[in-house]
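Okay, here's what each chain looks like letter by letter:
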Protein chains: 2
Amino acid sequence: MKETFRQLLLTGGVVAVIALTGCATKETALPIKDVGSFHIGGRPVTLTGLPTREITFTPGAAPIRVDPNGDFEVEAMYARYTLLTKPKARYPLLMWHGGGLSGVTWETKPDGNPGWENYFLWAGHDVYVSDAVERGRASWARYPEIFKSEPFFRTKKEAWELFRIGPVGSYRSDPAQRQFLPGTQFPIDAFDQMAKQSIPRWSTNDAATQDAYDAYVKKVCPCVIMAHSQGGNFAFTSALENPDLVKGIVIIEPSGSPDPATADYSRIKGIPMLWVWGDNTEQSAFWQAIVQRQETFRSRLQAAGGKADVLRLPQAGMRGNSHMIMMDKNSDQVAERIQVWMTSAGLMR
Amino acid sequence: MKETFRQLLLTGGVVAVIALTGCATKETALPIKDVGSFHIGGRPVTLTGLPTREITFTPGAAPIRVDPNGDFEVEAMYARYTLLTKPKARYPLLMWHGGGLSGVTWETKPDGNPGWENYFLWAGHDVYVSDAVERGRASWARYPEIFKSEPFFRTKKEAWELFRIGPVGSYRSDPAQRQFLPGTQFPIDAFDQMAKQSIPRWSTNDAATQDAYDAYVKKVCPCVIMAHSQGGNFAFTSALENPDLVKGIVIIEPSGSPDPATADYSRIKGIPMLWVWGDNTEQSAFWQAIVQRQETFRSRLQAAGGKADVLRLPQAGMRGNSHMIMMDKNSDQVAERIQVWMTSAGLMR
């Protein structure tokens, strides 16, 4: 814990660390009841008829003939939990990452400062951080036999532009030559460190990913879901599938949603939701289209009687946030706004 | 925490939870100073000259043309830490997984009971659990352009035999038809759940993996390393590279070592080491060869003046342990023996 972060917690009025710990001599300790993890969902699959091949494990050693045929478990997802002795939140908080990324999104930031997993633990939430199907510890499966297409790998240039860190065309291999958006909150020096978090993705696994998320929700909820980018659509869809189990959704720059024209808002209007948007979306046709679709979804949910709030950071006085809001320099300030909203939505004890 | 586990801790004499927590009303809480994670090691790489290709993200939507060329960060590894307010161990404990697996090895067991990460946290160790290069949250890179070969995927049959859960030839797709070794400690009903933890591996990434481990040791040590199977050789090699930073090694059924004939034992003879072997190794030519090489390495280290101990579980009265000792039903009892050894090796405060 960085001292500034702890001070923010102690002075911010949103949470009080001393109240959390209960033990006056240990106000800097987080009392943990349990930590652990599990895989959930997925299916067995059997491969047959593939040719064997030789693999050399050690240079100079005789190759070993490997038979790729057989039984496998595929398309599960992974979740790790940290549970408090006395959570202040009514429900555990499930953190769902975006595309080409894993649960690492929510952990320590690329600049080494505490991330949102830390923030919300100290704010009194039991926290679950997961890796979706095909990513990270969830593992991935042979293609094209099981996964139906080839994976693709995000370049640093794509991340630089898509995450609105620098203007389109401004990425350079040499960090010193890169041009970033004026006033960006993203910690520029940590950009290459963030790129180490990239994980290959497939375009053909959405159904399997949704199935695993739905099984995950059934296993650990009632809960609140916090989803980023690609995770947004999976969260909305899981809520439509399990409206009684999802007690709140915080969506950070979601990239997709169920069809706004046909979504059954009556099923999810009882779930309070908060959309959070960073800065500079209006300069990008790509992001403009996404925001527009989300605003349609949100306004229709609101019209149906839902609590469908939005936090537009620039209008709230916070300029320069990238798509990776949880990694931005002002991530604690944004988290505090979210925490205030959670209280207003009745999600804290 | 399962009640039996807590009782073992409270009555075992090895560790005392109340002494750990310091706060009499919270003897079931683990006081955590910090949790977090990072990527370490790796290198930037640039791909050029590859053809673009079309990817369809949403069925029915227009395909998007993707250019695979550009800059990437590759061959880093991932580590997650859980730090206590008052560790009882002198050094943090780094847990290194084996081949085709990730750090999940050390977390909650496939049968849902607490794993060794839990045990050693409650025993007073700061714990780091990592994913090596190419596995889990460490991510993987395009092949054959960056990784120099194709990955391979472990079948359930291979795990069943290699991990000494059932006799060679006894694996069946139908769990009810599988034959397991008499008296096995592996939780048979959790075998398919364990298979969900499998992660593809490459045979050509050892040098990159070692480089990342060495960078990891330089970042977080002095430390004690606990390594399983394939992780053993990486741990020995990191110790030879950084003998002043590695204060102890516990190796669980290591599959490899530096050449016993030429290893510079004088560099590592000051590092206490404990080898741990499960049951039924003598029935397998594969395991017999591995044990023999390890015993040569161990006896020469001992002859050079090192504390090179061995815990052969059957001889210690514990029968039926598989290669996945940390997942076996008696994993707490084995962990307790290791904890006793750590105390004897001067690794506890």
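Parameters and conventions
- Position numbers for residues start from 1 in each chain and track the written sequence from start to end.
- Here the convention is simple: chains get letters from A, ligands get numbers from 1, in the order in which they are written.
- Local features are withheld for residues below a pLDDT of 70 in this predicted model, meaning they are given only at 70 or higher, and side-chain atom pairs are given and counted only at 80 or more; totals for whole chains, interfaces and linings count all residues.
- Calculation of side-chain values draws on the structure's entire complement of heavy atoms; hydrogens and water are dropped beforehand.
- The contact rule is simple, with two residues in contact once any of their heavy atoms fall within 4.5 Å.
- Put simply, buried area is how much 1.4 Å-probe accessible surface two parts lose in total, over both of them, once they are put together.
- Salt bridges are counted wherever a side-chain nitrogen of Lys or Arg sits within 4 Å of a carboxyl oxygen of Asp or Glu.
- Geometry of aromatic contacts follows a simple scheme: Phe, Tyr and Trp rings, the Trp one being its six-membered ring, pair when their centres are within 6.5 Å, and the pair is stacked under 30 degrees between planes, edge-to-face over 60, tilted otherwise.
- A 1.4 Å probe rolled over the protein chains alone gives each residue an accessible area, and that area as a share of the maximum for its type sets the label: buried under 20%, exposed over 50%, partly exposed in between.
- For the purposes of this entry, the term helix denotes a DSSP run of H or I that reaches at least four residues, the term strand denotes a run of E that reaches at least two, and both are numbered from the N terminus.
- Only residues with pLDDT of at least 70 in both copies contribute their C-alpha atoms to the least-squares superposition of the copies.
- Among buried residues, the Ala, Val, Leu, Ile, Met, Phe, Trp, Tyr and Cys ones that are joined through side-chain atoms within 4.5 Å form a nonpolar core.
- Any pair of cysteine sulfurs within 2.5 Å is marked as a disulfide.
- Each residue after the first adds 1.5 Å to the expected span of a helix.
- Here, strands pair whenever DSSP counts at least two bridges between them.
- Note on handedness: a clockwise path from strand one over the helix to strand two, with the strands aimed away from the viewer, defines a right-handed crossover.
- Definition of a polar contact: a pair of N or O atoms within 3.5 Å, with one able to donate and the other able to accept a hydrogen when the atoms are protein atoms, and with sequence-neighbouring residues admitted only if both atoms are side-chain atoms.

- Chain A is annotated in an unreviewed UniProt entry as Esterase from Pollutimonas nitritireducens.

1. Brief notes about the interface of chain B and chain A
- Of the residues lining the interface, 78 residues belong to chain B; the matching set on chain A comes to 78 residues.
- Counting each side, the surface lost to burial between chain B and chain A is near 6000 Å², with a carbon and sulfur contribution of 51%.
- Of all residues in chain B, Arg 137, Trp 140 and Lys 196 of chain B bury the most surface against chain A, accounting for 14% of the area lost on that side.
- Along the contact surface separating chain B from chain A lie 14 salt bridges.

2. As for the packing of aromatic side chains
- Under the counting rule described, the total for this entry stands at 49 aromatic pairs over all chains.
- Taken together, a centroid distance of 6.3 Å and an interplanar angle of 35° make the contact between Trp 140 of chain B and Tyr 143 of chain B tilted. This pair shows no difference in class: Trp 140 of chain B is buried, exactly as Tyr 143 of chain B is.
- Geometrically, the ring pair formed by Tyr 213 of chain B and Phe 234 of chain B is tilted, given 5.4 Å between the ring centres and 35° between the ring planes. Here Tyr 213 of chain B, found in helix H6 (residues 206-220), pairs with Phe 234 of chain B, found in helix H7 (residues 230-241); they are 21 residues apart in sequence, far enough to count as distant. The burial state of Tyr 213 of chain B is the same as that of Phe 234 of chain B; both residues are buried.
- Following the ring pairs from residue to residue traces out a cluster consisting of Trp 140, Tyr 143, Phe 147, Phe 153 and Trp 202 of chain A together with Trp 140, Tyr 143, Phe 147, Phe 153 and Trp 202 of chain B.

3. Let's talk about the relation of the copies chain B and chain A
- Once chain B has been moved 0.0 Å along the axis and rotated by 180°, it coincides with chain A to within an RMSD of 0.0 Å. Interpreted geometrically, this transformation is the action of a two-fold axis. Rotation axis and chain B: the residue whose C-alpha lies nearest the axis is Gly 136 of chain B, separated from it by 2.0 Å.
- Interface residue correspondence from chain B to chain A reaches 100%, placing this contact among same-surface, isologous pairings.

4. Some words on the nonpolar core
- Trp 96 and Tyr 216 of chain A together with Trp 96 and Tyr 216 of chain B are the most contacted members of the largest nonpolar core, which totals 106 residues.
- Those residues in contact with Tyr 216 of chain B that sit more than four places away from it in its chain are Phe 38, Ile 40, Met 77, Ala 79, Leu 94, Trp 96, Tyr 128 and Ser 130 of chain B.

5. Description of the state of the cysteines
Residue and element names in this part refer to chain A.
- Tallying each qualifying case throughout the model produces two disulfides over all chains.
- At a sulfur-sulfur separation of 2.2 Å, the disulfide partner of Cys 221 is Cys 223. Across the S-S bond of Cys 221 and Cys 223 the torsion is about 70°, and the bridge reads as right-handed. The exposure classification of Cys 221 matches that of Cys 223, with both residues buried.

6. Brief notes about H6 of chain B
- Along its 15 residues, H6 of chain B runs 21 Å from first to last C-alpha, staying within 8% of the 21 Å computed at 1.5 Å per residue.
- Of all the residues in H6 of chain B, the buried ones are Ala 208, Thr 209, Gln 210, Ala 212, Tyr 213, Asp 214, Tyr 216, Val 217 and Val 220 of chain B.

7. So, the pairing of strand E9 (residues 273-277) of chain B
Residue and element names in this part refer to chain B.
- Counting buried positions over the five residues of E9 gives five, a clear majority of the element.
- Across four bridges, strand E8 (residues 246-252) lies against E9 in parallel orientation. Along E9, the bridge assignment pairs Ile 252 with Val 276.
- Pairing of E9 with strand E10 (residues 308-312) involves five bridges; the strand directions are parallel. Looking across to E10, one finds that Leu 274 is bridged to Asp 309.
- For the crossover from E9 across helix H9 (residues 285-303) to E10, the handedness is right-handed.

8. Considerations on the side chain of Glu 253 of chain A
Residues and elements named next belong to chain A.
- Its place among the elements puts Glu 253 in the loop between strand E8 (246-252) and helix H8 (265-268).
- A polar contact of 2.6 Å, which involves the side chain of Glu 253, links it to the side chain of Arg 164.
- Contact partners of Glu 253, with chain neighbours within four places excluded, come to Arg 164, Ser 229, Val 276, Trp 277, Gly 278, Thr 281, Trp 287, Ser 322, His 323 and Ile 325.

9. Remarks on the environment of Gly 166 of chain B
All names here are of chain B.
- Checked against the element boundaries, Gly 166 lands in the loop between helix H4 (156-162) and helix H5 (191-195).
- Its relative accessible area of 5% is what places Gly 166 among the buried residues.
- C-alpha separation for the pair Gly 166 and Phe 152, spaced 14 residues apart in sequence, amounts to 22 Å.
- In this structure Gly 166 touches Trp 160, Glu 161, Gln 179, Phe 180 and Leu 181, once residues within four positions along its chain are discounted.

10. So, the pattern of salt bridges
- Counting across every chain of the model gives 40 salt bridges over all chains.
- One salt bridge in this structure joins Glu 295 of chain B and Arg 298 of chain B, with 2.7 Å as the shortest N-O distance. Of the two residues, Glu 295 of chain B and Arg 298 of chain B both sit in helix H9, three residues apart, roughly one turn of that helix.
- On the basis of relative accessible area, Glu 295 of chain B is assigned to the partly exposed category, the value being 21%.
- Through salt bridges with shared partners, a single network forms among Glu 73 of chain A together with Lys 156, Arg 178, Asp 192 and Lys 196 of chain B.

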